[in-house]
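# Structure assessment
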Amino acid sequence: MVYNMSMDMFVALADPTRRAILEILASSGELSATAIYEHFAVSPQAISQHLKVLREARLVVMEKRAQKHLYRLNPQTLSQFETWVQQTRQRWEERFEALDKVLEAEKQKLAQSEQEQK
């Protein structure tokens, strides 16, 4: 089986608590695990599991300093995700433009057909 990092990223992003953690880190920069726990009404163990998923998906980086575990966003992975989103958006825009052309051509055919019937 081929390892698919982007799928792990999507699995990680699918959970609202993990997205909230990413938002907190985006606005705060670097935070300790304890500071992250304080934002949630669930157990530290539950948040620890969410942080583990985010680390494994490479969305966050953890650094140990003395007794603290400090977390921050991983800009490389987020950049890869942004690139994927832009490419996907471009593909859909191209598809919609092609569909618009087909619909416009059909609309013109219909209008021409209606005029010929008059």
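Residues numbered from 1 in each chain as written. Predicted model: local features only at pLDDT ≥ 70, side-chain atom pairs only at ≥ 80, totals over all residues. Heavy atoms only, no water.

### What to know about the overall build of the protein chain
Cut-off, in case you're wondering: Secondary structure elements follow DSSP: runs of H or I no shorter than four residues count as helices, runs of E no shorter than two count as strands, and numbering proceeds from the N terminus. Our radius of gyration is a C-alpha quantity, and the globule rule it is checked against amounts to 2.2 Å times the number of residues to the power 0.38. Relative accessibility under 20% of the residue-type maximum defines a buried residue, over 50% an exposed one, and the middle range a partly exposed one, all with a 1.4 Å probe and only protein chains included. Residue burial considers only the protein chains on display, and all accessible areas are found by Shrake-Rupley using a 1.4 Å probe.
Broken down by element type, the protein chain carries five helices and three strands. Listing every helix and strand of the protein chain by position from the N terminus yields α-α-β-α-α-β-β-α. Over its C-alpha trace the protein chain gives a radius of gyration of 23 Å, far above what one expects of a compact globule, namely 13 Å for 118 residues. Across its three principal axes, the protein chain shows a C-alpha extent of roughly 85 × 35 × 25 Å. Expressed as a percentage of its 118 residues, the buried residues of the protein chain come to 24%. Within the structure as shown, the protein chain displays about 8800 Å² of accessible surface, and the carbon and sulfur contribution to it stands at 53%.

### Here's the deal with unusual backbone geometry
Within the chain, R58 stands out as a residue other than glycine whose phi angle is a positive 65 degrees. Considering the arrangement of structural elements, one finds R58 in the loop between α4 (44-56) and β2 (60-65). With a relative accessible area of 44%, R58 lands in the partly exposed category. If you check the backbone angles, A66 has positive phi at about 55 degrees while not being a glycine. Positionally, A66 belongs in the loop between β2 and β3 (68-73). With a relative accessible area of 80%, A66 lands in the exposed category.

### Things to note about the sheet that holds β2
Strand pairing in a sheet relies on backbone hydrogen bonds, with the paired strands running either antiparallel or parallel. To keep it simple, the criterion reads: DSSP calls a pair of strands paired once it identifies at least 2 bridges connecting them. In this description, contact between two residues means that some pair of their heavy atoms is separated by no more than 4.5 Å. Angles here are taken between N-to-C directions and fall from 0 to 180 degrees, while the axes themselves are lines fitted to C-alpha atoms, restricted in helices to the stretch in contact.
Reading across the sheet, the three strands line up as β1-β3-β2 and stay open at both edges, with antiparallel pairing between neighbours. On the outer flanks of this sheet lie β1 (31-32) and β2, each paired with one strand and no other. Note that β1 and β3 share two bridges and pair antiparallel. Each bridged residue has a counterpart across the sheet, and for S32 the counterpart in β3 is L70. Seen against the sheet, helix α2 (residues 16-28) touches β1, β2 and β3 and runs at an angle of roughly 90 degrees to β3.

### Description of the pairing of β3
Look at any regular strand and the pattern is simple: side chains alternate between the two faces of the sheet. In the sheet, β2 pairs with β3 via six bridges, with the strands oriented antiparallel. Looking across to β3, one finds that V61 is bridged to R72. Joining the antiparallel neighbours β2 and β3 is a turn of two residues, in which A66 adopts a positive phi near 55 degrees.

### A short note on the pattern of salt bridges
Worth spelling out the cut-off: By definition here, a salt bridge exists when the distance from a side-chain nitrogen of Lys or Arg to a carboxyl oxygen of Asp or Glu is within 4 Å.
As enumerated under the stated definition, the model contains six salt bridges in all. A salt bridge links R65 to E30, with the nearest nitrogen and oxygen atoms 3.2 Å apart. Here R65 is found in strand β2, whereas its partner E30 is found in the loop between α2 and β1, with 35 residues between them in sequence. For E30, a relative accessible area of 32% translates into the label partly exposed. One continuous salt-bridge network, built from bridges that share partners, spans E30, E63, R65 and R72.

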